[in-house]
Each structure stands twice: as structure tokens, then as C-alpha cells.
Amino acid sequence: MEKKLFESKYGYFANGGREYVITNPKTPRPWVNVISNGDYSMIVSHTGSGYSWRGNAGQNRITRSFQDLIKDSWGKYVYIRDIDSKKFWSAAWKPVMAEYQEYEVVHGIGYSIFKHKVDNILSTMKVFVVPNYPVEIMEITLTNLDDKKRNLDITTYFEWVLGNFPDEHREFHKLFINPTFDEGKNAIKAEKYLGQFADEKGRHNNTSWEYIAFHAASERVKSFECDKESFIGMYGSEQNPQAMQMEKLMGRWGRFTDAIASLQVEVSLDKGQSKTIVFTIGAAHIKDEKVDELIAKFTSVEAAKEQFEEVKKFWSEFIDTEEINTPDEAMNIMTNYWLKYQSISCRLWGKSGYYQVSAGYGYRDQLQDSQIFLINKPELARRQILLHASQQFNEGDVLHWWFTIRGGGPRTRCSDDLLWLPFITDAYVKETKDFSIYDEVVPFLDGGEATLYEHCKRAIERAYSKFSPRGIPLMGDHDWNDGLSAVGNEWKGESFWVAEFLYKILVDFIKVSEMREDYKFVEKTRDVIENLKEAINKYGWDGEWYLQATTDGWEKVGSKENEEGKIFLNPQLWAVISGIADDDRAKIAMDSVTKYLLKDYGALLLYPAYTKPRTDIGYITRYAPGLRENGGVYTHAATWAVWAYALMKDAELAYEAYRRICPPNRSKDIDKYMGEPYVTPGNSDGPISPYYGRGGWTWYTGSSQWLHRVATHWILGVRPEIDGLRIDPCIPKEWDGFTYRRKFRGATYVIEVENKNHVSYGVKEIYVDGKAIEGNLIPEFNDEKEHHVKVILG
Ligand code: GLC
């Protein structure tokens, strides 16, 4: 029997944690899978609902859906019908929601599989996106478990969007879609004669959508439909569409329809017999891709089989080069599989979840996410860094986010965005020692170009130009916490968190400036470093913790003087992370974190939550108290608590701060948690909420990469430095040890940590390939070989 991990009444982890199996369709919220190949993406919930897009989910949606987490009722659906009895159901639970004999959904890395048994017919539907092509496959196998022959048909159904979504003026956009049927290819093709972008003269509404979408079947189709009214019936529903009462589909197509795609295939099965049918959906660019070639290449049973293996290979390259094995099964599962997958498939590629649809890259967001590539594919992190550098203006400021297809986005007055460029570049260089990245020449948005070093420097110099008279960086429109959106609009209010963040960056960046003999800048930076430390400690210390900010009106934010929002998480953590706090203050500040912020489900972003909107602070105060940034556990920041506690050598609390936000651990109170146990949530409700502990905004959150990083760098303590790989675990003392296999600069390290003495930290001995070494920094080998590192704690 296969081991079921973290089993709840809705499902469990299987296959060592690599897959999550859902056994009950009535999960508290849709539990989804975001599947992307970096270009073409789809999201599919455990009910079978979801949608597809190419490039980005906002500007290039292929199929329609609406955000409705309660009904979860939009999808690319598949009906199964018994032609004799007229009974029908669906391959997934939605839309028909029939009584079933068995229901099981497997969400895997790059695919989902639906098993549904109704009326003695077993259907297995595998859905996935083909690597390197803009095509998704639905492979459906029907098996007759009855004791007689069964005559069935399968009917697909979904709506086309073909461009911007939401298309608020649906009736207008509908007029431009032209769905046609290609009998020879058993395929529906759809064009849209209205594109989402302006032409070269900047004129809107006079171009065509640049793709041809298609939906094809591997079998001869009995009938097809391109018109919604003909399929659903006027005032009808997906649950019980008129099409299921008709012998076959009406076959309407063309420019006067309300465009959908539906293909119907007949399947007769003898007792015990199975048959597989493959459907594809995709979108070919009109310039350089041929729709007929894509249809022919992928719409067959053999191609589906082959491509499913390709999917596994494809993901293995991103997932399998790194593996931990610790006594904490939740940490293993999340680190080895799901956090990497979530960060890459959803955050960096798909950029869409059920709770949030993004049409672009966030300047700071995907830069942070790209750290997930550092171990396995550092070249992709490099590419992401250079891409973000190109979204900067000569003055050093950047776009807060930009559209990924044609670019463009809001020029930010936010104080931290730009600084993530040097911060993440430093992380890249620590992993790879590839200092040459600083010499890459990258354009500015408003003309001209410069090296990445210069881009980083301009970001820093821009920050230097926005200091308060007492030497603290100004808040501007907000800092990392977007919701502090009114604190400093007049460039008077300060951010103590930005002060710490900048300090941390400068301490590393000054070394690069020194190497490059940029002495004038080094001198300036040395001064700033010194003054910042003094100023933060002088003006930012509130007695038991550090302030978050001051407003344009010079009111304190995050102070004991405040009634609400007395203490914020980030300034305490980053006081430790940056090193601006001396030992005493670090201890006092982190004790305050433990006392006020570290609660049952992780560290709260602030306490107490704001109960009334505050025009001088911003929209954070407008969320219900305890929700999202307003005093909930904001998972992204909550991961940094692990880092700070580990720096304090408080292994127990570092582990607690981790364990409480590690999603599989919430399987035991899953009805309270509600979210998927296999991906991180953006937030979970704080204690003041009536839904304390409820997870929300799953998948599309910057917390996934960070949860991976704090576990490996700060609990397991294996982190790259310029001169080698540091081994400095900070683990629960009960642990007997752990192993960790990872790549580092062209070699593989198999690290085995032994903790027979049951300590939390402190490396006693290290043997590299059998030879004892001094200290705890492992040299780089760069020899494509495997090296064994034995570490003894004590
Ligand atoms: C959202 C934003 C991220 C920001 C965070 C905190 O997740 O995408 O950039 O830092 O909220 O406000």
C-alpha cells in the first residue's frame, strides 16, 4: 500500500509527496493546479474548472472563466453520456456534479488526473501542457466496468475569449470572433478580428488578435458546436445543457455565433473494454506558428503518451537536482517538490492563480521569485535580473510592474522596488560567483544603456536622494508593504524598514564597488552605512522594538504610542537580518516579535490590526482587521521570521516560525485552513478575524520561493558565499540529522549532517570526501563530480 502523507478528509500526499490526491470534491475552497510551460499556461481546479492563457492571463486569455471561488463554475468541461439511457455526467465533478461511485483527483508537477466512476463507467482524464509548444492536452480514457456493452459519447465544451480578460464589454467583443469547423482535422479553429494591442501608429481597435486558437479531437467527431445558445439553450445551464438532450450537436459556426468550442465523439465499449481519446487546445501565433501543424503533431493518443513523459522529464530538471531529507516530512515535501513548482509554474511563468490574475511582472516580485532558479538553473535567474534591470529609468527608479507581452506599466514612487535589483544580484553572485553579470550592458527605459553595476548603483543613488533630514530613507508611495499607501506620498514620511533593507544591501554592494575601484561611490556609501546605523538606532528605536515608519505629518507608525498597528514585523526582522541592531536590541526586538506577533499560524505582519480606515496610513487599514496585510499572517514576510530567529541562533523559534506556516501541517485542521495543503497561501487570517487561521490567496504569492530559501539556507543552514558553501545548521535539537543534495558551482554536494549530540547548532567536524577540513566553509570544486560532505554537529 502506498503511504498516505498528511491525510485529511479531503485527500493526502502520495508518491513520497510528489503528488496530492483529492478524494472528496467538496473541498472547502477550489484546490487547483497552475500548469505552465513558461509560455502557455492553464489553471485547473479539483472540480475540473479553470481556464487557459498564453503569455499572460490578463492580456491573452484563451478560454473564459470568472473569479468565483464559491461556485467554481467556469471551465473547459467534458460531458460523458450514455446514448441509450440518456444519462450524462462529466469527466470531472463539474459541471454536472452527478452522483458518483468514485472520485479522485491527482494534482502533480505539471499535470492533473481526474478519475471518475459513474454508472460503472470509469473515466480517467489527464490534463497537461506540452513542453515548448502552446498546446494543452486532455487525454480521456473510458473503461466499461459494466457487464454489458455501453454506447457512449464524449462532448467537450468551453467559451473562447481570445485576448483581454476580463472583456467587460462582452457583447462587443463577441462580435469579432469567428469560430469555424475543419472537418478533415476534427478541429474547431477560432480567430478574433479585434486585437488587444494598438497598431504601429498607436491606433486601437483596428488590429486582429495575433493568434489562431484551436480545439481538436483525435477521433472522427460525430458533431460539433461553436454557438453557446445552441449548446446551452436559452436560459439553460452548463449543468444541464440542451445539448445533452439532443442526439447530436447542431453544428452552428461562424461570425454570428456566441463563440464556444464543443466536439462530440462516439465511443462504444464492450464489457471490460477501454478507449482513449485525446483532445487538444492551443493557440498558434499567426506569424511563425502553423495551427495545422500543432493540431497534427499533438492530437493523437501516441503523442499524448509521449508528451506526458516529456512533461515529467521537463519538470524533473527543475525539481530533482536538489533534495533534502529531514525528520520533518512537511519540510521535505514542500522543499523538494511543491515550493519549486509553485514558484516556477505559477509565480514566474503562469503569473495567475484563482485569487489573483496578473498580466505582468512585479518589479520586486519576480526578482525575488527568480531566486528559486539559483541552484538548478542560475542562468534563468540571471536572465530575470537583466530583464528587471531593463525596466529602470535613467534616474534609477523603476516600473512597479509591467505587462509581459508589450511592456509598459506604472512608474513607481515606491521606496523599495528599485533596491531589489542590487539585493537579488548579490544573491545570484553569492551562488554563482559570476561577477561578470555586473558588466552586462542593459538599456534604460528612457534611452541609453549602462552596465548592470551602474543600474544597481543608480537604484542606490536614487535611494540616497530620498532621505529625511535626519538620515532615514523616505517612504514615498509605500515600501515592501504596498498597503502603507498614504504614509509618505509627500516624500516626508520615513520607512525604517527601507533603512534596514538599504543598509543590508550596502554592506554587500560596497565590496563590489571596491572591486571595481569606484572609490568615490565607496566613500559615499561608507558614510551612508555608518550614518544609517546610527540614525535607525537613534530615531527608529521605540523602547522594545523598532518603528515601521513616520508619516508625512511626522506621526509614528508601529510605536507603543499607537493604539493600533503598535508593532510591525518587518522592521524587527530586518534589524537582525541587516545587522543594524546590536545584540541587546536584537534580542529585545525579537522577544517582542515572539510576544506580540508569533501566533499559532505564523508571525503576524503587525499588531494589533487596524479596525478603522486611516487616511494617513493607507489601504492596509481598509482591509477587515486580521485580513491580508492588516494584521494577518502575510506569508511572504512571515518566512523572514525564520531567517531572523536563525540568525539569533534561536533554533526552536526559527523552527516554530517555519512549522506554523508550512502548509501540509495544516492538514489536521483543514476545514479551518481551507486552502490547498501543497502550496503556500498569500495570507492566513490573524487572531482578530472570526476565521482565525483561514488560508487565502494561495498559489500566486512570493512566499513560496522564500519558504524554500529559509528552510534550506537558515534551518538546514546550507548557503552559498563568495568563497564557498557555508554549512551552519540551526535545527531542532531532537533531530538526529538530515541529508541535503544540491548543486553548487558545477559540482554536486551530498551533505550528510549528523546530530548524535542533539544540539541545535555548532559544527564540530566536517569531512569533505573523507578528508577533515577546518571551519565550516566547503570549497567549490567545479568538476562536474559528486562530493560527499559529512558534517558532525556538537
Ligand atoms: C503583494 C505584492 C508585493 C508586496 C506585498 C506586500 O504580494 O505583490 O509586491 O510586497 O503584497 O504588500
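Cut-offs used in this document
- Residues numbered from 1 in each chain as written.
- Predicted model: local features only at pLDDT ≥ 70, side-chain atom pairs only at ≥ 80, totals over all residues.
- Heavy atoms only, no water.
- Near = heavy atom within 4 Å.
- Polar contact = N/O pair within 3.5 Å; in protein donor to acceptor, adjacent residues only side chain to side chain.
- Areas by Shrake-Rupley, 256 points an atom, 1.4 Å probe, with all protein chains shown as cover.
- Nonpolar A, V, L, I, M, F, W, Y, C, P; charged D, E, K, R; others polar.
- Helix = DSSP H or I, 4+ residues; strand = E, 2+ residues; numbered from the N terminus.
- Buried < 20%, exposed > 50% of the residue type's maximum accessible area, 1.4 Å probe, protein only.
- Pairing = 2+ DSSP bridges.
- Axes fitted to C-alpha atoms, helices over the stretch in contact; angles between N-to-C directions.
- Contact = heavy atoms within 4.5 Å.
- Core = buried A, V, L, I, M, F, W, Y, C linked by side-chain atoms within 4.5 Å.
- Salt bridge = Lys/Arg side-chain N within 4 Å of Asp/Glu carboxyl O.
- Phe/Tyr/Trp six-rings, centres within 6.5 Å; stacked < 30°, edge-to-face > 60°.
- Lys NZ or Arg CZ within 6 Å of the ring centre and 35° of its normal.
- Parallel < 35°, antiparallel > 145°, perpendicular 65-115°, else oblique.
- Left-handed = near helix turned anticlockwise from the far one by under 90°.
- Expected span 1.5 Å × (residues − 1).
- Arc of directions from axis to C-beta.

A. Seen up close, the site of the ligand. Close to the ligand lie Arg364, Asp365, Trp480, Asn481, Asp482, Glu629 and Tyr634. At 2.5 Å, a side-chain N or O of Arg364 approaches an oxygen atom of the ligand. For the ligand, an oxygen atom lies 2.9 Å from a polar atom in the side chain of Tyr634. In isolation the ligand exposes 310 Å². Once the protein is present, 84% of that is buried. Each residue belonging to the shell around the ligand can be placed in one class, and the counts come to two nonpolar, one polar and four charged.

B. Representation of the environment of Gly775 in the model. One can find Gly775 in the loop between strand 40 (771-773) and strand 41 (777-778). Since its relative accessible area comes to 53%, Gly775 is described here as exposed.

C. Here's a closer look at the sheet that holds strand 11 (residues 121-129). On the basis of which strands lie adjacent, the open sheet formed by ten strands has the order 1-2-9-10-11-12-19-16-15-14 and antiparallel pairing. Each edge of the open sheet carries a strand with a single partner, namely strand 1 (11-14) and strand 14 (177-182). Within this sheet the neighbouring strands show an average axis-to-axis angle of 15°, counted without direction. Where strand 10 (residues 111-118) meets strand 11, eight bridges bridge the pair, whose relative direction is antiparallel. For Ser112, the partnering residue across the bridge sits in strand 11 and is Val127. In this fold helix 3 (residues 291-298) packs onto strand 12 (135-144), strand 14, strand 15 (187-192), strand 16 (211-217) and strand 19 (274-285), with an angle of close to 30° to the strand it touches most, strand 16. Across the sheet, helix 5 (residues 329-350) touches strand 1, strand 2 (19-22), strand 9 (102-108) and strand 10, and the angle it forms with strand 9 is around 85°.

D. Examining the sheet that holds strand 36 (residues 724-727) more closely. Reading across from one edge, 35-36-41 is the order of the three strands in this open sheet, with antiparallel pairing throughout. Of all the strands in the sheet, the pair left with one neighbour each is strand 35 (718-721) and strand 41. The pairing of strand 35 with strand 36 spans four bridges and is antiparallel. Counted as the bridge partner of Pro720 is Leu725 from strand 36.

E. Inspection of the nonpolar core at higher detail. Residues Trp160, Trp315, Trp338, Trp420, Trp640 and Ile751 are the most contacted members of the largest nonpolar core, which totals 244 residues. When neighbours within four sequence positions are excluded, Trp160 is seen to be in contact with Ile62, Arg64, Ile177, Pro179, Ile188, Ala190, Ala213, Phe214, His215, Ala259, Ile260 and Ala261. Counting ten residues, the second largest nonpolar core, distinct from the first, contains Val487, Ala549, Phe568 and Tyr610.

F. Summary view of the pattern of salt bridges. With the rule as written, the count across this model stands at 70 salt bridges. Across the pair Asp434 and Arg382 runs a salt bridge whose closest N-O atoms are separated by 2.9 Å. Here Asp434, found in the loop between helix 8 (420-432) and strand 23 (441-443), pairs with Arg382, found in helix 7 (residues 378-389); they are 52 residues apart in sequence, far enough to count as distant. Each member of the pair, Asp434 as well as Arg382, carries the same accessibility label: buried. Here the salt bridges do not stand alone but share partners, grouping Arg64, Glu159, Asp167, Arg170, Glu171, Lys174, Lys228 and Asp258 into one network.

G. Broad picture of the packing of aromatic side chains. Scanning all chains against the criterion turns up 64 aromatic pairs. Geometrically, the ring pair formed by Tyr438 and Phe509 is edge-to-face, given 6.3 Å between the ring centres and 70° between the ring planes. Of this pair, Tyr438 sits in the loop between helix 8 and strand 23 while Phe509 sits in helix 10 (residues 496-515); the two residues are 71 residues apart in sequence, bridging distant segments of the chain. What makes Tyr438 buried here is its relative accessible area of 1%. With a centroid separation of 5.1 Å and an interplanar angle of 90°, the aromatic rings of Trp574 and Trp640 are classed as edge-to-face. In this pair, Trp574 sits in helix 12 (residues 569-578) while Trp640 sits in helix 14 (residues 635-647), placing the two residues 66 residues apart along the sequence. On the basis of relative accessible area, Trp574 is assigned to the buried category, the value being 0%. Just above the ring of Phe308 sits the side chain of Lys126; from NZ or CZ to the centre is 4.0 Å. Here the guanidinium or amino end of Lys377 rests over the ring plane of Phe318, the centre of that ring lying 5.1 Å away.

H. A look at the pairing of strand 37 (residues 737-744). For strand 20 (residues 323-325) and strand 37, the ladder comprises three bridges, and the chain directions are antiparallel. Directly across from Glu323, in strand 37, lies its bridge partner Arg741. Both strand 37 and strand 38 (residues 747-754) contribute to a ladder of eight bridges, which runs antiparallel. Directly across from Lys743, in strand 38, lies its bridge partner Thr748.

I. Structural context of the packing of helix 9 (residues 452-464) against helix 11 (residues 519-539). Between helix 9 and helix 11, the shortest axis-to-axis distance is 12 Å and the interhelical angle comes to 40°. Here helix 9 is positioned oblique relative to helix 11, judged by the angle of their axes. The two elements helix 9 and helix 11 meet at a crossing, and its hand is left-handed. Contacts between helix 9 and helix 11 involve Tyr453, Lys457, Ile460, Glu461 and Tyr464 on the former and, on the latter, Phe521, Lys524, Thr525 and Val528. When grouped by side-chain class, the residues that make up the contact of helix 9 with helix 11 number five nonpolar, one polar and three charged.

J. Broad picture of helix 4 (residues 301-319). The terminal C-alpha atoms of helix 4 lie 27 Å apart, and with 19 residues this matches the ideal 27 Å at 1.5 Å per residue to within 8%. Residues of helix 4 that are buried: Ala303, Ala304, Gln307, Phe308, Val311, Phe314, Trp315, Phe318 and Ile319. All buried residues of helix 4 project into a common sector of 135° when viewed along the axis, lining one side. Of the exposed residues in helix 4, the ones pointing more than 90 degrees away from its buried face are Glu302, Lys305, Glu306 and Lys313.

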